[in-house]
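Structural features, examined
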Amino acid sequence: MARACFGAWTLVLTGVYYAFPDGHLYSWAALGYSCAIAVLVGVRMHQPRRKLPWYLISLSIACFTTGDSAYNLILALGREPSFPGVADFFYLIFYPLLTAGLLMLLRARNGGDANRAALLDALVPTVGLGLLAWVYWIAPFARADHLSLLEKVVSIGYPLGDVLVLAVILRMFTGSGKRMDSVATIGVAVVGLLVSDIFFGQSQLNSAWAPGGPVDLGWIVFYSAIGYSALRPSMRSLSEPIERPDPGMGSHRLFWLSTAALIAPAVLAVEYLHGHEAELARDGVVDAPIIAAAAAAMFLLVLARVADLARAQRQAGSRERALREAGTLLFAAASEGDVTRAVREAIATLMPADQPYHLQFLPPVRAVAGEPRVHLVAAADLPEGFACGGFKNLAYATQPLAGGRTGRMVIGAPDPVLHLLLPAFETLASQIAVVLERISLTAEVSRREGEAWFRTLIQSAADVILILDANGTIRYATPSAEALFGADPTGDPLSALIAEHSQSTLREIMFRVRSGVGDLDDIELTAVRAGGRTVEIECDLRDLRNDPTVAGLVVTLRDVTERRGLEKDLTHQAFHDALTGLANRVLFRDRLEQAFCVAERDGATLGVLFVDLDDFKEVNDTLGHAAGDQLLLAVAERISASTGTGSTAARMGGDEFAVLVEQSDSVDAAEQMAARLLEALAVPVEVSDGHGGTQVVSAQCSVGVATNRDADTATELLRHADLALYLAKGNGKGGWQRYQNDLHTAMMQRLEMRTALHEAIEEEQFVLQFQPIVELVDQKITGVEALVRWQHPARGLLGPFHFVEAAEESGAIVGIGTWVLREALRQFSQWKTENPDTTLRYVSVNVSARQFRTADFADRVREALAATGARPEWLLLEITESLVLKDADKVLADLKALRALGVRIAIDDFGTGYSSLSYLRQMPVDVLKLDKSFIDDILHSRQQHALVDAIVTLSHNLDLAVVAEGIEEPGQRAALDAMGCQYGQGYHFAKPLWPAEIPGLAAEYQEHPAMQRA
């Protein structure tokens, strides 16, 4: 998509450039800078291993474009550009920047190793083309009489820069081997640059240059090709090491080198003819020294290349001799130990005398099917037990041994040597395999005690052994064949025993064996028994037609029907959920990884949905796990029906499901899928209650939605969907939420808060403040309410607003509440001990719903009273209206247990919840605490005044004490006192105070009962 957009943009700008000559300044600048930006976009999209070379290339293009823009600006202003000028500075700095970037890519591709052959192949055409540049481009500038010295130097800088860039790109071509990838595109760009620079140089000599002509097409090709190569995914390979190409010389390379070597004589001939026609032959060829030097240089380079080829040929001959000597040593070996010693000598012979190497053997291991015999591995990927010997890459070789074992060794050497000798190692491995097989067969033959023993073994073998004649007819079959096929197959063609769909496979393998390809193992076929039932078989074929004792094809068959069925079952179980049959977490993750890569390649949108049932735990707890399983099955069926065939549904564990939404062009597909799932699961499900009846339960769910537009990896996409699900859960049940960029930060802060809360409990970072509760008649302080504060080590003293919600969600509120209860009772006991005559009669402690619902809450209250020495009547527990109205039977039992201890109960913030007055009559409650919102308007609202008066009167009739919260004005205290409200608290009496301030304030109120405080 990006390349198509860039190509279209370039075509449009090219059309604008030629269609509107007056806009050259802007359209040409847009062309150049677009290329520089495209390079940066390509780096951002494809993330190559080396980014600096591409940044230098982008900078060079920007400089080149800046030079053009400066030149065009001067023309647009109606002035003649000076030469040399500011534009020439940007033009000339372009060449070293571009060359540096290309050289860095070249070094990265070569892994830092020099490639002498590729360098020589690049230098020959470079010298030839450089000679052409000198004779027809550089020399005319040097001899131009109308140019000053500075003008000559700047003019010569352009062709020299082009030759420098040409040399580098030729080096990249000669060292690329078969992996041309983006090198070819960059080559096209450089050709466009050279062509335009050549015509520009000739125009400069003739003072006939003007922008907007066909010469500009070369630079347009340069811009578009460079930008296109950077936007291709293969641009990453330009900075990845490649396998060292073959140093040999093919016909194409020989042709181009020969052509380049003939450039100097051709130029000399052209110069001579030109001079003769101009009747200047007597003066000789003007550039004869330069031509002669170039010819000599190319001659020496070609000689050096030929010397390299000769040296490579000598090395190949040495390797062949070393392999022959190694073969002689190996075939003389009589045991595996002899083979190991022979291999050591063979490797020492193959290695160049001046090169270090590392050879190591490890004990054999169990054979691994399909493992390559010899291959290159990085030092970090070596199997456990092997040392790298200080080399980055090593050859890892395996050999099958007798008894189902595999021999292992590594050979380390410098990378050039390793690449050069790898074919020899492979040949050596083949020789070793032959020798080991011969040793194994010899040992097997020596172990057997004659043909009678062998026949007995064959006759009793569980595997079926058949001998076929030249026509494929079964000439001999072991007795086990009758058990496999249901009848003796002797005399029948083998094809008559094979199922129709396996006939083509049988024909192919029979053709291959008869063609002399060697033995074939582990071929899977389907056979047909006499009764028509099919069985899965594996067969091995041995061509022993030339063995006089057999004179046929030996086929070994084994019944693998049960094993294949078990493998299929195990595979299904490994990748599917046992209960619902949906994909499991492993399969879902694997498909997500594949789909993510495809979507990233195609620029498509990929969606992931996390689905979680809202009340599944209640179903398990009330109806049992069998009913919960029925619910999960029903949910899985609805999810599968809603997602269709293009998407993948999986059960991630528990009551959590995931859906991989098929690729689309926008995020709408994932959001529409979430809406369909919510609609499908909104219908209740009927499940068995385990007692012969049925129950209707909710299948309502919450859904988190995330797409790859906000994620860089598949793992991050899963995490985003999980975070979105968490947000959907927090916003209420039965909804879906899409991942938002700021959600991750908020979640991290929430998680940090949760962790910090648990640490605060362990380190006792919480402190208590106390707000007095005053009798409104005489304003005597009779109680205090304990208010928790968090002494945060970094943020200072924090009120409940900052942490209570997070504590409720994480469960830390239970630990905090337990500490507050104990500390409040301890402090109150201390006050009573220090001053038995104090007016303080009780301490009020808030209890959260989650803390109250813990199974042992009453026991914890009893333990806190015992541990602090407090009396039960000193404690007033404040609970919320919502707690009273939910699970009424259980709450009633727990409240009665607390009242039995002597602890008093208060309803906190009365009037802000559902305010069911009937519960006040049924519940064992002692105190009502009127919320501050009722008190604020009693002086200004007749209705509010009447409502509070009614609540106070009702409370008196139910024998409940009333505490008014949030009293801030003397008029409010007086109005409440007149209504008969006994107690009040608020800033009118005192703000929350530290423990040390409470005794003094209580004494002060006792001494001056009529005083009022702001």
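Above this text is the structure in question.
Because the structure is a prediction, the values reported are computed rather than measured.

A count of helical and extended segments in the protein chain gives 34 helices and 25 strands. By the burial criterion, 46% of the 1014 residues in the protein chain qualify as buried. Counting only contacts in the protein chain whose residues sit at least 6 apart along the sequence, the fraction spanning at least 24 positions is 66%. About 50,100 Å² of surface is accessible on the protein chain, with carbon and sulfur atoms providing 57% of the total.

Turning next to the nonpolar core. Leu757, Leu877 and Leu976 are the most contacted members of the largest nonpolar core, which totals 77 residues. For this core, the element with the highest residue contribution is helix α25 (residues 812-834), accounting for 11 residues. If sequence neighbours within four positions are ignored, Leu976 has contacts with Leu776, Ile935, Ile938, Val948, Ala964, Ile967 and Cys981. Within the second largest apolar cluster, 40 residues are counted, among which are Ala36, Ala62, Ala70 and Ile226.

Side chains of Tyr33, Ile37, Val41 and Met45 sit close together on the surface and give an oily, nonpolar patch of about 340 Å² of accessible area. Along the chain, Tyr33 falls in helix α2 (residues 24-46).

In this section: helix α19 (residues 616-623). Along α19, the positions that sit buried rather than exposed are Phe616, Val619 and Asn620. Down the axis of α19, the buried side of the element spans an arc of 95°, and every buried residue falls inside it. α19 presents Lys617, Asp621 and Thr622 as exposed residues on the side facing more than 90 degrees away from its buried surface. Residues of α19 that are buried in the fold lie against β10 (605-613), α20 (625-643) and β14 (694-697). After α19 finishes, the residue Gly624 shows a positive phi value of roughly 100°.

Under the defined criterion, the tally for this structure stands at 22 salt bridges. Salt-bridge contacts for Lys929 lead to Glu965; the nearest nitrogen and oxygen are separated by 3.5 Å. Within this pair, whereas Lys929 is found in strand β23 (residues 927-930), its partner Glu965 is found in the loop between β24 (961-964) and α33 (970-979), the two being separated by 36 residues in sequence. With a relative accessible area of 1%, Lys929 lands in the buried category. A single network of salt bridges, built from pairs that share partners, joins Glu785, Glu878, Lys929 and Glu965.

Remark: the centre distance and the inter-plane angle together describe each pair of aromatic rings, the angle taken between the planes. In the structure shown here, the tally under the stated rule is 10 aromatic pairs. Taking 5.4 Å as the distance between ring centres and 50° as the angle between the ring planes, the aromatic pair formed by Phe852 and Phe857 counts as tilted. The two residues Phe852 and Phe857 agree in class, both being buried. A network of ring pairs unites the aromatic residues Phe766, Trp790, Phe803 and Trp819 as a single cluster. A cation over a ring is seen here: Arg904 above Tyr842, with NZ or CZ 4.7 Å from the ring centre.

Leave glycine aside and you will find that most residues have negative phi; peptide bonds, for their part, are mostly trans. A positive phi angle, close to 50°, is found at Gln47, a residue other than glycine. Checked against the element boundaries, Gln47 lands in the loop between α2 and α3 (52-76). In this model, Asp959 sits at a positive phi of 60°, which is unusual for a non-glycine residue. Residue placement: Asp959 occurs in the loop between α32 (942-957) and β24. Since its relative accessible area comes to 68%, Asp959 is described here as exposed.

Between α2 and α3, the least distance of the axes is 9 Å, while the angle of their chain directions is 175°. Classed by the angle they form, the pair α2 and α3 counts as roughly antiparallel. Only Trp54, Tyr55, Ser58, Ile61, Ala62, Thr65, Thr66, Asp68, Ser69, Asn72 and Leu73 of α3 make contact with α2, whose side of the interface consists of His24, Leu25, Trp28, Ala29, Gly32, Tyr33, Cys35, Ala36, Val39, Leu40 and Val43. Of the residues contributing to the contact of α2 with α3, the split by class is 14 nonpolar, 7 polar and 1 charged.

Here β23 shows two buried faces, one formed by Val927 and Lys929 and the other by Leu928 and Leu930. Relative to β23, strand β22 (residues 904-910) runs parallel, the two sharing 3 bridges. Bridged to Phe910 within β23 is Leu930. Pairing of β23 with β24 involves 4 bridges; the strand directions are parallel. By the bridge assignment for β24, Val927 is matched with Ala961.

Looking now at the environment of Gln1006. Inspection of the secondary structure puts Gln1006 in helix α34 (residues 998-1007). The exposure class assigned to Gln1006 is partly exposed, which follows from its relative accessible area of 43%. For the pair formed by Gln1006 and Thr782, sequence separation is 224 residues and the distance between their alpha carbons is 9.9 Å. The contact partners of Gln1006, leaving out residues within four places of it in the chain, are Asp837 and Thr839.

Each strand in a sheet pairs with another by means of backbone hydrogen bonds, the pair being arranged parallel or else antiparallel. Ordered in space as β11-β12-β10-β15-β16, the 5 strands form an open sheet in which the pairing is mixed. Each edge of the sheet is formed by a strand with only one pairing partner; in this case those strands are β11 (648-653) and β16 (736-738). Strand-to-strand twist of the sheet, defined as the mean angle between neighbouring strand axes without regard to direction, takes the value 20°. Bridging between β10 and strand β15 (residues 701-707) involves 7 bridges; their strand directions are antiparallel.

Below, the discussion takes up the pairing of strand β6 (residues 474-477). As paired elements, strand β5 (residues 464-468) and β6 share 3 bridges and run antiparallel to each other. Considered in β6, the bridge of Leu466 is made with Ala477. The antiparallel pairing of β5 with β6 creates a hairpin that spans 5 residues between the two strands, and Gly472 there sits at a positive phi of about 85°.

A few words now on the packing of helix α1 (residues 2-19) against α2. In the contact formed by α1 and α2, the axes pass within 9 Å of each other and the chain directions differ by 170°. Put simply, α1 runs roughly antiparallel to α2. Of α2, the residues touching α1 (which contributes Ala2, Phe6, Trp9, Thr10, Leu13, Thr14, Val16 and Tyr17) are His24, Ser27, Trp28, Ala30, Leu31, Ser34, Cys35, Ala38 and Met45. Tallied by class, the residues present in the contact of α1 with α2 amount to 12 nonpolar, 5 polar and no charged.

With that settled, the discussion passes to the sheet that holds strand β7 (residues 520-528). Reading across from one edge, β6-β5-β9-β8-β7 is the order of the 5 strands in this open sheet, with antiparallel pairing throughout. With partners counted over all chains shown, the strands left at the sheet margins are β6 and β7, one partner each. The mean angle between the axes of side-by-side strands here comes to 30°, regardless of whether they run parallel or antiparallel. Sheet topology places strand β8 (residues 534-544) next to strand β9 (residues 552-559); 8 bridges connect them, and they run antiparallel. Residue Leu541 lies in a different strand from β9, and its bridge partner there is Val555. Against the sheet, helix α16 (residues 503-514) engages β5, β7, β8 and β9, with an angle of about 145° to β7. Contacts from helix α17 (residues 561-575) reach β7, β8 and β9, with the element oriented near 120° to β8.

Glancing now at the side chain of Ser844. By secondary structure assignment, the location of Ser844 is in strand β20 (residues 842-846). The contacts of Ser844, once residues within four sequence positions are left out, are Ile773, Val784, Glu785, Ala786, Leu876, Glu878 and Lys929.

A word on the side chain of Asn584. By the secondary structure assignment, Asn584 is in the loop between α17 and α18 (585-602). A residue is classified by how much of its surface remains accessible, and Asn584, at 14% relative accessible area, is buried. Of the polar contacts made by the side chain of Asn584, one reaches the backbone nitrogen of Leu587; its length is 3.0 Å. With near-sequence residues (within four places) excluded, Asn584 lies in contact with Gln573, Ala574, Phe575, His576, Asp577, Ala650 and Arg651.

Parameters and conventions
Residues numbered from 1 in each chain as written. Predicted model: local features only at pLDDT ≥ 70, side-chain atom pairs only at ≥ 80, totals over all residues. Heavy atoms only, no water. Helix = DSSP H or I, 4+ residues; strand = E, 2+ residues; numbered from the N terminus. Buried < 20%, exposed > 50% of the residue type's maximum accessible area, 1.4 Å probe, protein only. Contact = heavy atoms within 4.5 Å. Areas by Shrake-Rupley, 256 points an atom, 1.4 Å probe, with all protein chains shown as cover. Core = buried A, V, L, I, M, F, W, Y, C linked by side-chain atoms within 4.5 Å. Patch = residues over 30% accessible without salt bridge, like charges linked within 9 Å, V, L, I, M, F, W, Y side chains within 5 Å. Salt bridge = Lys/Arg side-chain N within 4 Å of Asp/Glu carboxyl O. Arc of directions from axis to C-beta. Phe/Tyr/Trp six-rings, centres within 6.5 Å; stacked < 30°, edge-to-face > 60°. Lys NZ or Arg CZ within 6 Å of the ring centre and 35° of its normal. Axes fitted to C-alpha atoms, helices over the stretch in contact; angles between N-to-C directions. Parallel < 35°, antiparallel > 145°, perpendicular 65-115°, else oblique. Nonpolar A, V, L, I, M, F, W, Y, C, P; charged D, E, K, R; others polar. Pairing = 2+ DSSP bridges. Polar contact = N/O pair within 3.5 Å; in protein donor to acceptor, adjacent residues only side chain to side chain.

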